[in-house]
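So the chains spell out like this:
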Amino acid sequence: MQIYRIRINHNLCTGCNVCVVSCPINFNKLKKEGKLTDKNAVILVKNGIAISVYDDERKVNCDGCGVCIEACPQDAIELEIIEVE
Ligand code: SF4
Ligand code: SF4
């Protein structure tokens, strides 16, 4: 099975949080669960830098929509497709 994962260039990322608030999956989780954590978000800013929260045990991961890539003012995000079982 193929799934999407975002990759963030930490040399470019300024930790502005735009990607986190632009992501529709994050938005739905925030609406339902009231806060974003590394258990429910797919992208988060931690220690001043954006991180992709990916875990192949999770049911919800990035769906590859590309909204965060368009939104990032630093062009710091790329999408990759990875194979999982
Ligand atoms: S939008 Fe871009 S620069 Fe801002 S936190 Fe996300 S990856 Fe970093
Ligand atoms: S590609 Fe879409 S689903 Fe994935 S982290 Fe970016 S905005 Fe969220």
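So, how was this worked out
Note on numbering: residues in each chain are counted from 1, in written sequence order. Each chain is given a letter, starting from A, and each ligand a number, starting from 1, according to the order in which they appear as written. Two thresholds apply to this predicted model, a pLDDT of at least 70 for residue-level local features and 80 or more for giving and counting side-chain atom pairs, whereas whole-chain, interface and lining totals are computed over all residues. Helical segments are the DSSP runs of H or I of at least four residues, strand segments are the runs of E of at least two, and each set is numbered from the N terminus. Exposure is read from a count of other C-beta atoms within 10 Å of each residue's own; the residue is exposed at 12 or fewer, buried at 20 or more and partly exposed in between. C-beta atoms are placed from the backbone. For each residue, a C-beta atom is placed from the backbone, and the residue is labelled near a molecule or strand when this atom is within 6 Å of it. Three residue categories are used. Nonpolar comprises Ala, Val, Leu, Ile, Met, Phe, Trp, Tyr, Cys and Pro, charged comprises Asp, Glu, Lys and Arg, and polar comprises the others, including Gly. Here, a nonpolar core means buried Ala, Val, Leu, Ile, Met, Phe, Trp, Tyr and Cys residues linked by C-beta atoms lying within 7 Å of one another. The contact rule is simple: place each C-beta atom from the backbone, and if two of them lie within 7 Å, those residues are in contact.

**Focus on the overall build of the protein chain**
So, step 1. Assigned secondary structure in the protein chain consists of three helices and four strands.
So, step 2. Sequence-ordered secondary structure for the protein chain, helices as α and strands as β, is β-α-α-β-β-α-β.
So, step 3. In terms of overall dimensions, the protein chain has C-alpha extents of about 35 × 30 × 20 Å along its principal axes.
So, step 4. The buried share of the protein chain, reckoned over its 85 residues, is 22%.

**Remarks on the site of ligand 1**
So, step 1. Every one of the 14 residues lining ligand 1 counts as a neighbour, but C13, C16, V18, C19 and C72 are closest to it.
So, step 2. For the shell around ligand 1, the per-class residue count stands at 10 nonpolar, four polar and no charged.

**Some remarks on the site of ligand 2**
So, step 1. In the vicinity of ligand 2 lie 13 residues, with C23, C62, C65, V67 and C68 positioned nearest.
So, step 2. For the shell around ligand 2, the per-class residue count stands at 10 nonpolar, two polar and one charged.

**Quick word on the nonpolar core**
So, step 1. With 17 residues, the main nonpolar core has C19, I43, C68 and I77 as its most contacted residues.
So, step 2. Elements supplying a minimum of two residues to this core: β1 (2–8), α1 (18–22) and β2 (43–46).
So, step 3. If near-sequence neighbours (up to four positions away) are discounted, I43 is found in contact with I6, C19, V20, C23, N26, A50, S52, V53 and C68.

**So, helix α2 (residues 24–33)**
So, step 1. Counting buried positions along α2 gives one out of 10 residues, so the element sits mostly on the surface.
So, step 2. Phi turns positive, to about 85°, at G34, one or two residues after α2.

**Describing the environment of K46**
So, step 1. One can find K46 in strand β2.
So, step 2. In sequence terms K46 and G15 are 31 residues apart; their C-alpha atoms lie 8.0 Å from each other.

Everything listed here is a matter of geometry and, on its own, says nothing about what the molecule does.
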